[in-house]
6 protein chains.
Amino acid sequence: MTIHVINPNSTQQVTDGIDAAIAPMRDRSPVPIACHTLAEGPPGIETQAHVDGVVGPLLTLADSLKPDASAYVVACFSDPGLAALREASRVPVLGIAESAYLLAMALGQRFGILSLGRASIQRHIRYLGALGIMDRLAADLPLGLGVLELAEADTTLARLTEVGKTLRDHHGADVLITGCAGMAPYRRHLEQATGLPVVDPCQAAVSAAIGRVALAACDTN
Amino acid sequence: MTIHVINPNSTQQVTDGIDAAIAPMRDRSPVPIACHTLAEGPPGIETQAHVDGVVGPLLTLADSLKPDASAYVVACFSDPGLAALREASRVPVLGIAESAYLLAMALGQRFGILSLGRASIQRHIRYLGALGIMDRLAADLPLGLGVLELAEADTTLARLTEVGKTLRDHHGADVLITGCAGMAPYRRHLEQATGLPVVDPCQAAVSAAIGRVALAACDTN
Amino acid sequence: MTIHVINPNSTQQVTDGIDAAIAPMRDRSPVPIACHTLAEGPPGIETQAHVDGVVGPLLTLADSLKPDASAYVVACFSDPGLAALREASRVPVLGIAESAYLLAMALGQRFGILSLGRASIQRHIRYLGALGIMDRLAADLPLGLGVLELAEADTTLARLTEVGKTLRDHHGADVLITGCAGMAPYRRHLEQATGLPVVDPCQAAVSAAIGRVALAACDTN
Amino acid sequence: MTIHVINPNSTQQVTDGIDAAIAPMRDRSPVPIACHTLAEGPPGIETQAHVDGVVGPLLTLADSLKPDASAYVVACFSDPGLAALREASRVPVLGIAESAYLLAMALGQRFGILSLGRASIQRHIRYLGALGIMDRLAADLPLGLGVLELAEADTTLARLTEVGKTLRDHHGADVLITGCAGMAPYRRHLEQATGLPVVDPCQAAVSAAIGRVALAACDTN
Amino acid sequence: MTIHVINPNSTQQVTDGIDAAIAPMRDRSPVPIACHTLAEGPPGIETQAHVDGVVGPLLTLADSLKPDASAYVVACFSDPGLAALREASRVPVLGIAESAYLLAMALGQRFGILSLGRASIQRHIRYLGALGIMDRLAADLPLGLGVLELAEADTTLARLTEVGKTLRDHHGADVLITGCAGMAPYRRHLEQATGLPVVDPCQAAVSAAIGRVALAACDTN
Amino acid sequence: MTIHVINPNSTQQVTDGIDAAIAPMRDRSPVPIACHTLAEGPPGIETQAHVDGVVGPLLTLADSLKPDASAYVVACFSDPGLAALREASRVPVLGIAESAYLLAMALGQRFGILSLGRASIQRHIRYLGALGIMDRLAADLPLGLGVLELAEADTTLARLTEVGKTLRDHHGADVLITGCAGMAPYRRHLEQATGLPVVDPCQAAVSAAIGRVALAACDTN
């Protein structure tokens with residue numbers, strides 16, 4: 001059996017980054033963890049049309065993985081297809097955004113989100129409302145960075161630190177969430193720079209998936 | 001120019017019902033109102049996979065109607081593709097669920113929803129949360145009826161009345177929403193039986209679209 | 001039949017401004033739109049005592065207009081007498097604040113309000129709470145302008161732009177509402193300056209009234 | 001100096017009932033407590049037009065009492081004119097509804113309201129929303145009694161007990177509020193019948209006024 | 001290293017029940033799981049004084065376990081000492097109530113809680129408010145059972161089923177939580193009887209602890 | 001009979017400061033007011049372990065005062081032991097934080113809190129959530145001062161004024177709460193500097209206790 005992590009965009013480098021981010025957990029997982037790229041996805045999920053558009057192929061890929069699936073992780077911070085995949089699956093289905101929020105709620109009282117750009121924030125707020133946890137949000141601020149710019153470590157870390165401190169000092173955040181799958185390499189630096197716990201969504205979701213796979217033992221024993 | 005109402009399921013009879021429900025407004029609309037059936041949709045939208053699955057063809061159909069579109073109405077109570085179509089359009093895009101909620105908020109303090117079955121309620125609650133209006137919900141109760149059963153007028157009206165009175169008397173609703181495009185023929189009977197205003201979502205959305213088409217005059221004059 | 005817009009203050013110039021703001025919609029309305037000044041009102045509605053004080057004469061004026069009233073619009077951003085007039089009327093009654101909020105909720109996820117001065121904000125917040133939509137508010141900020149100063153176009157537009165950008169950049173607003181009947185002439189400039197949709201409350205309410213007059217056809221046909 | 005309690009309806013018997021309800025507190029008040037009837041008010045405040053209509057004469061009466069006013073209590077469960085009177089006064093102004101809610105919040109986690117009829121509940125909910133305390137409401141249920149029927153002790157107490165137990169057992173209330181000035185004589189019976197603390201709004205407000213008069217000593221000493 | 005589960009009451013049988021409930025997860029945990037009884041605790045935690053009273057000895061016991069602690073689980077549905085233990089620990093600290101809520105939020109939209117008696121519900125509601133998740137609560141209903149009565153399987157299961165169905169049918173719950181450590185043996189029966197997922201709080205918390213122990217690998221690798 | 005105010009830390013100077021703050025109310029109280037120091041408490045209550053740790057000795061002290069207790073006031077802004085003491089007492093029990101919040105809710109629409117340091121804010125937010133009044137919070141900002149630094153009047157007042165103005169101008173506060181028992185001497189200066197009402201929590205709680213002692217007369221007469 002396997003925890004299947006599906007990156008719903010078609011960029012293999014993103015999948016590789018996710019794989020690197022969650023790799024340290026492999027030794028502590030009761031089952032293997034496999035990362036997949038959705039070939040039919042767009043290079044990056046940037047619009048609501050992208051979010052809705054990947055659901056069909058995502059369901060198809062998940063279905064093909066069903067025989068050995070212990071759990072699924074949908075690895076895009078918009079949690080595309082999460083409800084649909086849950087309808088179709090008997091095993092746990094985790095979204096990286098939902099998992100990040102639920103983990104952050106156990107780490108602090110109000111979380112701050114660092115989003116790449118302004119465009120996704122409206123979508124995040126809708127989702128936080130759907131989850132009924134708006135009172136746990138400190139603020140969701142844009143970094144003003146494109147996905148490609150994330151590769152430039154110095155500027156990215158400087159900007160993450162600046163916005164992280166604003167979330168902490170002006171908005172009362174006591175835990176931070178990096179609102180994108182590609183920021184995992186900066187997580188620990190950001191923790192040190194701000195003194196706050198920082199949640200990487202992919203790590204949060206795989207961690208939750210491991211817990212859920214363990215929990216599933218209670219259904220059969 | 002035209003208000004385009006798109007029924008995202010493929011059942012022409014449903015589209016015909018919507019057309020009949022909104023027909024009385026045609027004389028009071030500044031532009032024609034055309035109702036369309038989404039040929040690629042499922043016969044009925046019953047699952048989250050259906051909701052997500054129609055977005056692609058819905059966007060395509062809407063795009064083909066763009067040259068004379070004054071406004072779009074997405075005529076399914078799950079408002080599939082609403083955010084995506086708004087991203088893609090410069091003209092007003094109305095969802096029948098959102099429109100029903102916003103209208104009900106001007107008609108009473110707490111609305112009750114009459115849903116066909118239990119399965120859709122979880123989806124409605126997520127949406128009400130995303131809209132930030134959970135405090136305006138009295139309750140969302142299932143009728144326990146299938147779409148086909150709606151055709152039997154006596155049983156349907158009896159059940160609508162029973163659940164409507166429960167919403168009024170036990171949950172404090174002072175306005176009701178029929179949570180499905182197919183209940184318009186019963187709206188006025190339900191108003192008489194309960195003494196409460198009853199919102200038909202398609203009528204609400206077309207009414208809002210008419211208002212928005214009028215409003216658009218302020219952008220150009 | 002007529003949509004009657006009632007300015008509950010006694011300043012004819014304000015009524016003239018409202019008339020100009022909604023004039024472009026006349027061609028798209030199924031019925032005429034008439035604007036009225038409440039002679040018994042104060043020159044401007046600035047205090048809670050003003051809000052409560054105009055209700056009596058407002059009800060009297062509305063009653064005198066009843067024979068040909070298709071709908072009423074109460075054209076003050078405190079929505080004075082809205083609940084009372086609804087009790088007394090069988091036709092739709094729209095408040096410009098409520099209408100602005102409900103329209104903004106379909107245009108963005110969090111609205112920012114530009115209020116003349118600090119004094120009215122407490123009243124707005126109470127009202128947003130009564131409407132159950134506090135989670136949709138980005139912020140309500142004072143312009144620090146008096147009604148008379150609105151006439152100076154350059155300073156007003158500069159201040160609107162500055163506060164509008166603060167609402168967008170620091171508070172996450174993705175739609176703006178001008179919290180006063182007299183700012184309509186600046187609406188489109190503010191849209192261009194901020195890149196956000198801007199709602200003029202009087203236009204929002206008349207637009208909603210047109211939709212409601214259309215909807216009323218479903219009650220009689 | 002005096003705590004002035006103003007019954008904004010014109011029925012002296014109601015004022016007498018309020019006076020009797022708060023009489024036991026006189027010995028423990030630092031200043032006298034005087035109850036007044038608003039001659040210009042309607043016999044009972046039943047509609048929103050009544051609520052708005054009494055504000056003008058209420059302000060006038062309060063102004064005439066200003067020379068020796070330590071505090072004002074507005075003794076109608078719709079808190080008419082509360083915000084306006086606060087604007088006009090330098091001394092504490094208490095509303096009986098707000099005071100009842102704030103007291104109930106210190107006595108239990110979720111309060112149940114026993115309202116005379118259905119008509120006032122919509123108004124209460126708007127107010128609870130404005131106060132931002134909807135999550136503290138268990139439910140607001142109608143007794144289905146008219147003001148005159150309150151005089152029949154046996155039926156009234158039976159109905160209060162029945163609805164009180166419903167609030168406790170079906171809605172999770174752990175404290176009750178009698179939503180009308182005329183139910184004070186039944187308060188202690190209702191406490192015994194339900195085992196829950198019961199708040200009489202007039203007693204709550206006068207109690208709060210006594211506390212506020214004491215507090216005012218901190219401003220001058 | 002070890003996951004330490006601390007039952008803060010002094011009844012060894014309760015600890016044994018918890019151990020049995022979580023035993024199936026041992027094979028899937030990266031570290032051993034040890035269950036402890038707090039000798040200084042009361043036989044059962046029934047009052048707020050009990051909740052507050054166990055914090056001191058709980059901190060002492062946790063401190064003594066620190067050398068090999070990978071994570072702590074506080075195994076009482078009032079989560080006593082959770083915030084204090086988090087302050088004092090560098091490793092993850094899980095409360096069974098918080099963990100149950102966070103898990104339930106990934107399993108359904110609104111959870112129902114089955115509590116032993118009415119007394120604890122007020123405490124639960126305060127806690128749900130502190131967690132900011134009141135909108136995810138369907139209802140919290142008392143079983144009217146004492147801890148000892150839980151041993152009688154037939155009556156307990158009958159009562160659980162009855163209240164579970166009420167939560168599902170009258171309150172809209174789509175996931176259930178057993179609000180007490182001692183109901184784990186009935187979890188799967190209740191799932192079958194209601195058709196809803198049922199969360200046992202101890203299982204939820206140990207599952208989360210396993211996930212968090214895995215996640216901690218990302219801090220050191 | 002007596003209102004017993006218990007300072008749950010062991011610093012007599014703090015108790016003396018509380019006594020001085022509430023002294024002006026003694027002449028207007030129906031019963032004497034006595035201030036007590038909890039010898040078993042820590043010098044200051046700074047951590048959650050402190051909060052939980054004082055509950056036991058607090059209950060013991062309160063029990064020893066029971067014979068002549070009219071009411072208890074727990075005089076620490078974390079309201080330690082409030083729920084436990086309420087369980088154990090038949091007379092009113094007031095917490096200074098809860099009392100400050102409830103008073104502030106009658107003085108303005110959104111309150112700002114001035115906290116000594118960042119550490120307590122997370123605790124405050126949890127509590128505001130438990131009270132269900134998050135929508136009434138403007139913001140809770142740290143002064144960045146230690147308890148000892150409060151003695152330096154010039155710097156303290158300068159910092160209070162600066163943060164108070166930020167709460168007013170950037171967060172929309174229309175009433176302020178000093179989030180610590182030791183700031184009473186600065187209350188009136190802060191009112192003058194900001195133009196907003198300022199609530200001292202100890203004064204708020206003793207004021208409420210006086211009102212509750214008066215109210216108790218309605219139970220016995």
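As the structure is a computational prediction, the values presented were derived from the model and not from experiment. (Residues numbered from 1 in each chain as written. Chains lettered and ligands numbered in written order. Predicted model: local features only at pLDDT ≥ 70, side-chain atom pairs only at ≥ 80, totals over all residues. Heavy atoms only, no water.)

S.K.: I'd like a description of the overall build of chain A, backed by residues and values.
M.R.: In terms of helices and strands, chain A carries 10 helices and 8 strands. The C-alpha radius of gyration of chain A comes to 17 Å, within 12% of the 17 Å expected for a compact globule of 221 residues. Counting only C-alpha atoms and orienting by the principal axes, one finds that chain A spans roughly 50 × 35 × 30 Å. Scored against the burial criterion, the 221 residues of chain A give a buried share of 62%. Taking as baseline every contact in chain A between residues at least 6 positions apart, the subset at least 24 positions apart corresponds to 67%. (Helix = DSSP H or I, 4+ residues; strand = E, 2+ residues; numbered from the N terminus. Rg over C-alpha atoms; globule rule 2.2 N^0.38 Å. Buried < 20%, exposed > 50% of the residue type's maximum accessible area, 1.4 Å probe, protein only. Contact = heavy atoms within 4.5 Å.)

S.K.: Can you break down the relation of the copies chain E and chain A residue by residue, with the values?
M.R.: In summary, the two copies of the chain are related to each other by a rotation about an axis coupled with a shift along it. When chain E is fitted to chain A, the best match, at an RMSD of 0.0 Å, comes from turning it 180° and sliding it 0.0 Å along the axis. In the structure described here, the two chain copies are related by an operation that fits a two-fold rotation axis. It is Gly211(E) whose C-alpha, among those of chain E, lies nearest the rotation axis, at 2.2 Å. Mapped onto chain A, 100% of the interface residues of chain E are again interface residues, and the two copies thus contact each other with one and the same surface. (Least-squares fit on C-alpha atoms with pLDDT ≥ 70 in both.)

S.K.: With reference to specific residues and values, describe the nonpolar core.
M.R.: Within the largest apolar cluster, 128 residues are counted, with the highest numbers of intra-cluster contacts made by Ile3(B), Tyr101(B), Phe111(B), Ile3(C), Tyr101(C) and Phe111(C). Core analysis: the next-biggest nonpolar cluster, separate from the first, contains 125 residues, Leu58(D), Phe111(D), Leu94(F) and Ala214(F) among them. (Core = buried A, V, L, I, M, F, W, Y, C linked by side-chain atoms within 4.5 Å.)

S.K.: Report on the environment of Ile121(A), specifying residues and quantitative values.
M.R.: The topology assignment puts Ile121(A) in helix H6 (residues 121-130). Expressed as a C-alpha distance, the spacing of Ile121(A) and Pro80(A), which sit 41 residues apart in the sequence, is 15 Å. Those residues in contact with Ile121(A), other than ones at most four positions away along the chain, are Ser115(A), Asp140(A), Leu141(A), Pro142(A) and Arg110(C).

S.K.: Before we move on, could you go through the arrangement of the chains and cite the residues and values that matter?
M.R.: Separating chain A from chain D is a minimum C-alpha gap of 13 Å, and the two share no contact. For chain C and chain E, which are not in contact, the least C-alpha distance works out to 13 Å.

S.K.: Requested: an account of the environment of Val175(A), with residues and values cited.
M.R.: All names here are of chain A. Tracing the sequence through the fold places valine 175 in strand E7 (residues 175-178). The sequence separation of valine 175 and valine 198 amounts to 23 residues, and the corresponding C-alpha distance is 6.0 Å. Once you skip the residues sitting within four places of it in the chain, valine 175 turns out to touch Ala104, Leu107, Gly108, Arg110, Phe111, Gly112, Leu196, Pro197 and Val199.

S.K.: Report on the packing of helix H9 (residues 201-215) of chain A against helix H9 (residues 201-220) of chain E, specifying residues and quantitative values.
M.R.: The interhelical angle for the contact between H9(A) and H9(E), taken along N-to-C directions, is 135°, at an axis separation of 7 Å. Of the possible angle classes, the one that applies to H9(A) and H9(E) is oblique. Crossing angle aside, the handedness with which H9(A) passes H9(E) is right-handed. Of the residues in H9(E), those in contact with Gln203(A), Ala204(A), Ser207(A), Ile210(A), Gly211(A), Arg212(A), Ala214(A) and Leu215(A) of H9(A) are Gln203(E), Ala204(E), Ser207(E), Ile210(E), Gly211(E), Arg212(E), Ala214(E), Leu215(E) and Cys218(E). Its residues placed into classes, the contact of H9(A) with H9(E) shows 9 nonpolar, 6 polar and 2 charged. (Axes fitted to C-alpha atoms, helices over the stretch in contact; angles between N-to-C directions. Parallel < 35°, antiparallel > 145°, perpendicular 65-115°, else oblique. Left-handed = near helix turned anticlockwise from the far one by under 90°. Nonpolar A, V, L, I, M, F, W, Y, C, P; charged D, E, K, R; others polar.)

S.K.: How would you explain the domain arrangement of chain A if you had to name every residue and give the values?
M.R.: All names here are of chain A. Domain annotation for chain A reports domain 1 (2-95 + 203-220) and domain 2 (98-201). Summarising the inter-unit geometry, the C-alpha centres of domain 1 and domain 2 are found 21 Å apart. The interface is formed by 19 residues belonging to domain 1 together with 20 residues belonging to domain 2. Note on domain 1 versus domain 2: buried area summed over both sides is about 1400 Å², and carbon and sulfur give 49% of it. Among the ionic pairs, glutamate 98 bridges to arginine 86, the shortest N-O distance being 2.6 Å. At the junction of domain 1 and domain 2, the tally comes to 12 residue pairs in polar contact (both at pLDDT 80 or more). Taken together, the elements giving at least two residues each to the side of domain 1 that touches domain 2 come down to helix H1 (12-22), helix H2 (48-53), helix H4 (82-88), strand E4 (93-95) and H9. Top element by residues in the side of domain 1 that touches domain 2 is H9. It accounts for 4 residues. (Domains from an automatic or database assignment. Buried area = accessible area lost by both parts, 1.4 Å probe. Salt bridge = Lys/Arg side-chain N within 4 Å of Asp/Glu carboxyl O. Polar contact = N/O pair within 3.5 Å; in protein donor to acceptor, adjacent residues only side chain to side chain.)

S.K.: Go over the relation of the copies chain D and chain C, please, and point to the residues and values.
M.R.: The transformation that overlays chain D on chain C combines an axial shift of 0.0 Å with a rotation of 180°, and the residual RMSD is 0.0 Å. Interface residue correspondence from chain D to chain C reaches 100%, placing this contact among same-surface, isologous pairings.

S.K.: Quick rundown of the interface of chain D and chain C? Include the residues and the values.
M.R.: The interface is formed by 14 residues belonging to chain D together with 14 residues belonging to chain C. Counting each side, the surface lost to burial between chain D and chain C is near 1000 Å², with a carbon and sulfur contribution of 63%. Of all the secondary structure elements, the ones that give two or more residues to the side of chain D that touches chain C are helix H2 (48-53), helix H3 (55-65), helix H4 (82-88) and helix H6 (121-131) of chain D. Counting residues per element, the side of chain D that touches chain C draws most heavily on H6(D), which supplies 4 residues. Residue classes in the side of chain D that touches chain C are distributed as 6 nonpolar, 4 polar and 4 charged.

S.K.: Tell me about the interface of chain E and chain A, and please be specific about residues and values.
M.R.: How big an interface is tends to be stated in terms of the accessible area lost upon association of its parts. The interface is formed by 36 residues belonging to chain E together with 36 residues belonging to chain A. Together, the buried faces of chain E and chain A total about 3100 Å²; carbon and sulfur atoms form 57% of this surface. Applying the counting criterion to the chain E and chain A interface returns 2 salt bridges. Across the pair Arg187(E) and Asp219(A) runs a salt bridge whose closest N-O atoms are separated by 2.7 Å. Applying the counting rule to chain E against chain A returns 14 residue pairs in polar contact (both at pLDDT 80 or more). Among the secondary structure elements, those contributing two or more residues to the side of chain E that touches chain A are helix H5 (96-107), helix H6 (121-131), helix H8 (187-194) and H9 of chain E. With 14 residues, the single largest contributor to the side of chain E that touches chain A is H9(E). When grouped by side-chain class, the residues that make up the side of chain E that touches chain A number 20 nonpolar, 7 polar and 9 charged.

S.K.: Lay out unusual backbone geometry with the relevant residues and their values.
M.R.: Generally, phi is negative for residues other than glycine and the peptide bonds are trans, each holding for most cases. Residue and element names in this part refer to chain B. The backbone of aspartate 79 sits at a positive phi, close to 45°, despite the residue not being glycine. Tracing the sequence through the fold places aspartate 79 in the loop between strand E3 (69-74) and helix H4 (82-88). Taking the relative accessible area as the measure of exposure, aspartate 79 reaches 7% and is therefore buried.

S.K.: So what about the packing of aromatic side chains? Which residues, and what values?
M.R.: For the structure shown, the criterion picks out 18 aromatic pairs over all chains. Here the aromatic rings of Phe77(C) and Tyr101(C) are separated by 5.7 Å at their centres, their planes lie at 70°, and the arrangement is edge-to-face. Residue Phe77(C) is located in the loop between strand E3 (69-74) and helix H4 (82-88), and its partner Tyr101(C) is located in helix H5 (residues 96-107); the two are separated by 24 residues in the primary sequence. Per residue, the accessibility class of Phe77(C) equals that of Tyr101(C), and both read buried. One aromatic cluster is present, formed by Phe77(A), Tyr101(A), Phe111(A) and Tyr127(A) through successive ring pairs. (Phe/Tyr/Trp six-rings, centres within 6.5 Å; stacked < 30°, edge-to-face > 60°.)

S.K.: With reference to specific residues and values, describe the confidence of the model for chain A.
M.R.: When pLDDT is averaged along chain A, the result is 96; 100% of the residues meet or exceed 70. The ipTM, which scores confidence in the relative placement of chains, is 0.97 for this predicted complex, and the corresponding pTM is 0.97. (pLDDT = per-residue confidence, 0-100.)

S.K.: A description of the sheet that holds strand E3 (residues 69-74) of chain D should follow, citing residues and the corresponding values.
M.R.: Residues and elements named next belong to chain D. The strand order E2-E1-E3-E4 describes an open sheet built from 4 strands, whose pairing is parallel. Among the strands making up the open sheet, the edge pair consists of strand E2 (33-37) and strand E4 (93-95). The mean angle between the axes of side-by-side strands here comes to 20°, regardless of whether they run parallel or antiparallel. Two strands pair when backbone bridges link them, and strand E1 (residues 2-7) and E2 are joined in this way by 5 bridges, in the parallel orientation. Looking across to E2, one finds that asparagine 7 is bridged to threonine 37. Packing against the sheet, helix H9 (residues 201-215) makes contact with E1, E2, E3 and E4, and its axis sits at approximately 155° to E3. (Pairing = 2+ DSSP bridges.)

S.K.: Explain helix H1 (residues 12-22) of chain F to me, using residue names and the numbers behind them.
M.R.: All buried positions along H1(F) are accounted for by Thr15(F), Ile18(F), Ala21(F) and Ile22(F). Seen from one end, H1(F) has its buried residues packed into an arc of 120°, which puts them on one side. Away from its buried face, by an angle of more than 90 degrees, H1(F) presents the exposed residues Gln13(F) and Ala20(F). Buried residues along H1(F) sit in contact with helix H10 (217-220) of chain D together with strand E1 (2-7), strand E2 (33-37) and helix H9 (201-220) of chain F. (Arc of directions from axis to C-beta.)

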